[in-house]
Amino acid sequence: MTKPIIGFIGLGLMGGNMVENLQTRGFQVNVMDLNKEAVAKVIARGNATEVTSAKELAEKSDIVMLALTTSVVVEKVVYGENGILEGIKAGSVLIDFGTSIPASTRKIGADLAKKGAGMIDAPLGRTPAHAKDGLLNIMAAGDIDTFNKVKPVLEQQGENVFHLGALGAGHTTKLINNFMGMTTVTAMSQAFAVADKAGVDRQQLFEIMSTGPSNSPFMAFCKNYAVDGVSDLGFSIANANKDLGYFLEMVNDLGTVSKIAEGTSANLNAAVDADMGNGNVPEIFDYFLKLAK
């Protein structure tokens, strides 16, 4: 069976490794990114073509994949001049691997459907290293026939590929997951900072908390930074801040509120304003440590 031609936009750490994995597995790829060095690496591996517009990429590809930073960027690539919507073919599928706002995802899906194209939202779990080896966790959603059409390719990229329901359910699940995770890390980081201010040894606090139900991988990440100075959770404060903002927007769209998310978002946003956005999330400990009345 002939492999579908893949168009990929977004060659950051995650996207670049995803493309390398596809090339290793024999897929032909069309790529586009503002980072020409990243594009050059893909081209050098062979069986790859650089395109000059999202429209051209869509015209030349059977499956279009996005690994972009925000819903604003996704919509610009889809709806902008020479965008995906202008070039996508009937029968093609757009897959958004980023973390996007579900309402935006559903709007894009409806507009693609008018052109006879499908859409899957498929946010990711695990790390760029897993992406390179095709071992990601993929939270896919969308029309079941569209999902089944691209599932063989997703299974080349992910060790665990889940179908979560109608379009938008993947992004919804990812935002809920990140709300829970980033709220946990923020709270635990402040716990270590408060202990320090109160004169309680951070290592002892960890030893006590880790013997109970609060123990978790997230606690280990927080302890590694607050106690050992090792920042090993590869997710930035800026990204967490963006995702919490998206979660709050989704909650608002659902006609409800989340005071917990508002609190987490306020702390993350304050850390970003303090020029800490590039640091990994457990580094918000430093922000809490500096807080004064």
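A quick note: this is a predicted structure, and the numbers were derived from the prediction, not measured. (Residues numbered from 1 in each chain as written. Predicted model: local features only at pLDDT ≥ 70, side-chain atom pairs only at ≥ 80, totals over all residues. Heavy atoms only, no water.)

Trainee: Could you give me a rundown of the overall build of the chain, with the residues and numbers involved?
Mentor: Secondary structure summary: the chain contains 14 helices and nine strands in total. Since a compact globule built from 293 residues should have a radius of gyration of about 19 Å, the 20 Å found for the chain is in line with a globular shape. C-alpha extents for the chain along the principal axes are approximately 65 × 45 × 35 Å. The 293 residues of the chain split such that 49% are buried. Relative to all contacts within the chain whose residues are 6 or more apart in sequence, the contacts with residues 24 or more apart total 65%. Carbon and sulfur atoms form 54% of the exposed surface of the chain, whose accessible area is close to 13,500 Å². Taking the average place of the 25 positive charges on the side chains of the chain and the average place of its 31 negative ones, the gap between the two points comes to 2 Å. (Helix = DSSP H or I, 4+ residues; strand = E, 2+ residues; numbered from the N terminus. Rg over C-alpha atoms; globule rule 2.2 N^0.38 Å. Buried < 20%, exposed > 50% of the residue type's maximum accessible area, 1.4 Å probe, protein only. Contact = heavy atoms within 4.5 Å. Areas by Shrake-Rupley, 256 points an atom, 1.4 Å probe, with all protein chains shown as cover. Lys, Arg positive; Asp, Glu negative; His and termini not counted. Charge placed at Lys NZ, Arg CZ, Asp CG, Glu CD.)

Trainee: Pulling in residues and values, what's your account of the sheet that holds strand β7 (residues 124-125)?
Mentor: Through backbone hydrogen bonds, the strands of a sheet pair up, either in parallel or in antiparallel fashion. Strand order in the open sheet formed by three strands is β7-β8-β9, with mixed pairing between adjacent strands. Where the open sheet ends on each side, the last strands, each with one partner, are β7 and β9 (158-163). Two elements, strand β8 (residues 136-140) and β9, share five bridges in a ladder whose sense is parallel. Residue pairing across strands places Asn 137 opposite Asn 160, the latter belonging to β9. Set on the sheet, helix α8 (residues 144-157) makes contact with β8 and β9; between it and β9 the angle comes to about 165 degrees. (Pairing = 2+ DSSP bridges. Axes fitted to C-alpha atoms, helices over the stretch in contact; angles between N-to-C directions.)

Trainee: So, the nonpolar core: which residues are in play, and what are the values?
Mentor: Judged by nonpolar contacts, the single largest core of 32 residues is most densely connected at Phe 192, Phe 247, Leu 268, Val 281 and Ile 284. Elements represented by at least two residues in this core include exactly α9 (169-197), α10 (202-209), α11 (217-226), α12 (237-253), α13 (259-273) and α14 (284-290). Among the elements that make up this core, the one with the highest residue count is α9 (eight residues). (Core = buried A, V, L, I, M, F, W, Y, C linked by side-chain atoms within 4.5 Å.)

Trainee: Explain helix α6 (residues 102-113) to me, and be specific about the residues and the numbers.
Mentor: Under the 1.5 Å per step criterion, the end-to-end length of α6 is 16 Å for 12 residues, consistent within 8% with the ideal 16 Å. Turning to α6, its buried residues are Pro 102, Ser 104, Thr 105, Ile 108, Gly 109, Asp 111 and Leu 112. Summarising the contacts, the buried residues of α6 are in contact with α4 (71-79), α5 (84-87), β5 (93-96), β6 (118-121), α9 and α12. (Expected span 1.5 Å × (residues − 1).)

Trainee: An account of α9 is needed here, citing residue identities and associated values.
Mentor: For α9, built from 29 residues, the straight-helix expectation of 42 Å at 1.5 Å per residue is met to within 8% by its first-to-last C-alpha distance of 42 Å. At the C-terminal side of α9, Gly 199 shows a positive phi close to 85 degrees.

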